[in-house]
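Coordinates in review
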There are 2 protein chains.
Amino acid sequence: MASQYIEVSDRIREDIINGKFAGGERLKLAELANLYATSHMPIREALRILNGQGIVDFTPNSGMRVREIDVSFMIDLFDVRLALEAVQARRAAERLTPAASNAISSAKTEFECVSAESDRDATLKANHRFHQAISQASGNREATEIEERHYQILRIVWQRYGYASERLEGVIEDHRLLTSAILDQDAEAAGLLAAAHVMRARRNLLTKMRGVERSSQ
Amino acid sequence: MASQYIEVSDRIREDIINGKFAGGERLKLAELANLYATSHMPIREALRILNGQGIVDFTPNSGMRVREIDVSFMIDLFDVRLALEAVQARRAAERLTPAASNAISSAKTEFECVSAESDRDATLKANHRFHQAISQASGNREATEIEERHYQILRIVWQRYGYASERLEGVIEDHRLLTSAILDQDAEAAGLLAAAHVMRARRNLLTKMRGVERSSQ
DNA sequence: TGATCAAATATTGGATCCGCGCTAAGAACC
DNA sequence: GGTTCTTAGCGCGGATCCAATATTTGATCA
């Protein structure tokens with residue numbers, strides 16, 4: 001079995017994603033230790049990991065709170081994502097290797113197949129794998145790690161507000177264009193297409209979030 | 001007194017910056033506990049924090065190692081920094097407030113004064129404050145936190161390879177142009193100037209690093 | 001002589017207990 | 001009646017001990 005703190009950090013993350021812990025909620029060590037049937041040491045370790053991933057906020061001697069995920073946070077996150085996806089797509093096109101080329105095209109194809117079956121979780125995973133393939137093709141570990149963190153946060157908002165299933169055709173088209181730009185080693189086009197892709201995703205998400213915020217007032 | 005793990009994480013970071021621990025070196029709990037006169041629990045907590053900051057690498061059941069900082073890591077880091085500084089400068093120009101405007105211009109002036117005294121540490125701090133002011137003016141917490149992490153890593157390489165004192169006039173000129181673009185709320189110019197500024201810093205650093213690598217062979 | 005396996009050792013991971021600081025509630029004094 | 005000080009309890013931070021896991025060393029066999 002994997003170490004408890006890894007196990008626990010995964011479970012807490014899943015519970016946050018599934019809304020078991022609300023944004024801003026205080027996470028007490030004793031409570032969590034009881035809930036996950038362990039001592040408080042692995043819990044502290046796990047919360048520290050989640051803190052590093054930006055999922056929980058921390059204040060010394062006062063404990064951890066679930067990070068509030070609101071419209072303004074998402075605007076910030078997509079600003080960063082926009083910049084990073086673009087630079088990674090450019091680098092992926094420039095540094096393209098045969099292995100990376102295969103990884104990207106098969107991830108693209110897989111997404112198209114899986115998304116046709118309207119299994120949301122599988123579609124999300126396939127989408128993640130596609131972007132991961134580009135990220136890894138860029139060879140930029142720093143950017144890849146940031147994007148990985150962001151993906152965990154995006155899972156929370158997609159769970160809460162729904163994934164863009166109505167935009168699925170558009171997403172597939174975006175992926176196709178982006179893939180061929182990278183395979184053609186057209187860095188300029190790849191950068192622009194990646195940026196445009198993220199912009200569309202942002203518009204879609206923000207519209208939904210604002211809709212929910214208004215209707216819940 | 002602040003909590004021990006915070007104290008310890010700061011001390012370990014400083015020791016890494018000052019080269020007391022080499023890149024790739026294994027950091028053992030018992031050893032560090034002995035060195036910093038504490039038990040191994042605060043050490044674990046401290047290393048976990050440094051891991052979150054990207055300064056040490058971690059493998060479960062095997063412990064932490066000081067992250068190797070080489071040319072390829074710096075290329076990656078500056079790719080990210082280039083993208084982020086540009087987007088933050090644009091946002092800072094768009095969202096400019098009177099308070100942010102004051103903060104940026106006074107940080108710019110302070111850098112010019114301090115750098116004239118050729119105190120390297122103070123110059124670094126002033127440079128950091130200038131970029132921090134823009135970062136905070138952008139209002140993007142996510143980007144600010146990433147840049148803060150990167151700054152800690154840059155302190156290590158500047159300590160090792162020297163800060164660009166010969167480029168000081170150029171840096172001041174860059175800062176002046178960038179500041180006026182932001183104060184004029186010219187987002188386009190601010191973004192381009194910020195990107196150019198980071199590019200110059202990268203060229204300077206990489207040249208130095210490659211020089212040292214060659215001469216140490 | 002080199003490779004592989006096993007045992008010993010070194011190191012990380014986890015539980016429990018206690019101390020300390022923060023917070024909040026109640027009483028006393030102004 | 002309001003403000004401040006004290007006290008109690010609640011929860012985080014840290015030490016120590018023990019368990020689990022990795023790494024290394026040495027021995028045996030091909």
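Anything mentioned here points back to the structure above.
Predicted model only: the values in this text are computed from it and were never measured.

Attention shifts here to the interface of chain A and chain B. Each partner contributes residues to the interface: chain A has 33 residues there, and chain B has 33 residues. Contact between chain A and chain B buries roughly 2800 Å² in total, counting both sides, with carbon and sulfur atoms accounting for 44%. On the surface where chain A and chain B come into contact, there are 12 salt bridges. Notably, a salt bridge pairs B:Asp57 with A:Arg141, separated by 2.8 Å at the nearest N-O pair. Summed over the shared surface of chain A and chain B, the number is 16 residue pairs in polar contact (both at pLDDT 80 or more).

What holds strands together in a sheet is hydrogen bonding between their backbones, with the strands either parallel or antiparallel. Residues and elements named next belong to chain A. Ordered in space as 1-3-2, the three strands form an open sheet in which the pairing is antiparallel. The strands lining the two open edges of the sheet, one partner per strand, are strand 1 (26-27) and strand 2 (56-59). Note: strand 1 against strand 3 (residues 63-66), two bridges, orientation antiparallel. Within the sheet, the bridge partner assigned to Arg26 lies in strand 3 and is Arg65.

Looking at the secondary structure, you find B:Ala37 in the loop between helix 2 (29-35) and helix 3 (40-52). Note on B:Ala37: relative accessible area 67%, which makes it exposed.

On to the packing of aromatic side chains, then. Enumeration over the complete set of coordinates arrives at five aromatic pairs over all chains. With centroids separated by 6.5 Å and ring planes inclined at 65°, the aromatic side chains of A:Tyr151 and A:Trp158 adopt a geometry described as edge-to-face. A:Tyr151 sits in the buried class, given a relative accessible area of 11%. On the basis of relative accessibility, which here comes to 10%, the residue A:Trp158 falls in the buried class. A ring pair is formed by B:Trp158 and B:Tyr163, whose centres lie 5.1 Å apart and whose planes are at 85°; its orientation type is edge-to-face. Each member of the pair B:Trp158 and B:Tyr163 is classed as buried. Through pairs of rings, three or more aromatic residues link up here, namely A:Tyr151, A:Trp158 and A:Tyr163.

A word on the pairing of strand 2 of chain A. It is a general feature of regular strands that their side chains alternate between the two faces of the sheet. All names here are of chain A. As paired elements, strand 2 and strand 3 share four bridges and run antiparallel to each other. By the bridge assignment, Thr59 is partnered in strand 3 with Gly63. Hairpin connection from strand 2 to strand 3: three residues lie between these consecutive antiparallel strands, with Asn61 at a positive phi of about 60°.

Attention now goes to helix 3 (residues 40-52) of chain A. All names here are of chain A. Here helix 3 spans 18 Å end to end across 13 residues, near enough to the 18 Å set by a 1.5 Å rise per residue. Among the residues of helix 3, Pro42, Ile43, Glu45, Ala46, Leu47, Arg48, Ile49 and Leu50 are the ones counted as buried. Once helix 3 ends, the next one or two residues include Gly54, with phi positive near 80°.

Criteria and cut-off values
- Residues numbered from 1 in each chain as written.
- Chains lettered and ligands numbered in written order.
- Predicted model: local features only at pLDDT ≥ 70, side-chain atom pairs only at ≥ 80, totals over all residues.
- Heavy atoms only, no water.
- Contact = heavy atoms within 4.5 Å.
- Buried area = accessible area lost by both parts, 1.4 Å probe.
- Salt bridge = Lys/Arg side-chain N within 4 Å of Asp/Glu carboxyl O.
- Polar contact = N/O pair within 3.5 Å; in protein donor to acceptor, adjacent residues only side chain to side chain.
- Pairing = 2+ DSSP bridges.
- Helix = DSSP H or I, 4+ residues; strand = E, 2+ residues; numbered from the N terminus.
- Buried < 20%, exposed > 50% of the residue type's maximum accessible area, 1.4 Å probe, protein only.
- Phe/Tyr/Trp six-rings, centres within 6.5 Å; stacked < 30°, edge-to-face > 60°.
- Expected span 1.5 Å × (residues − 1).

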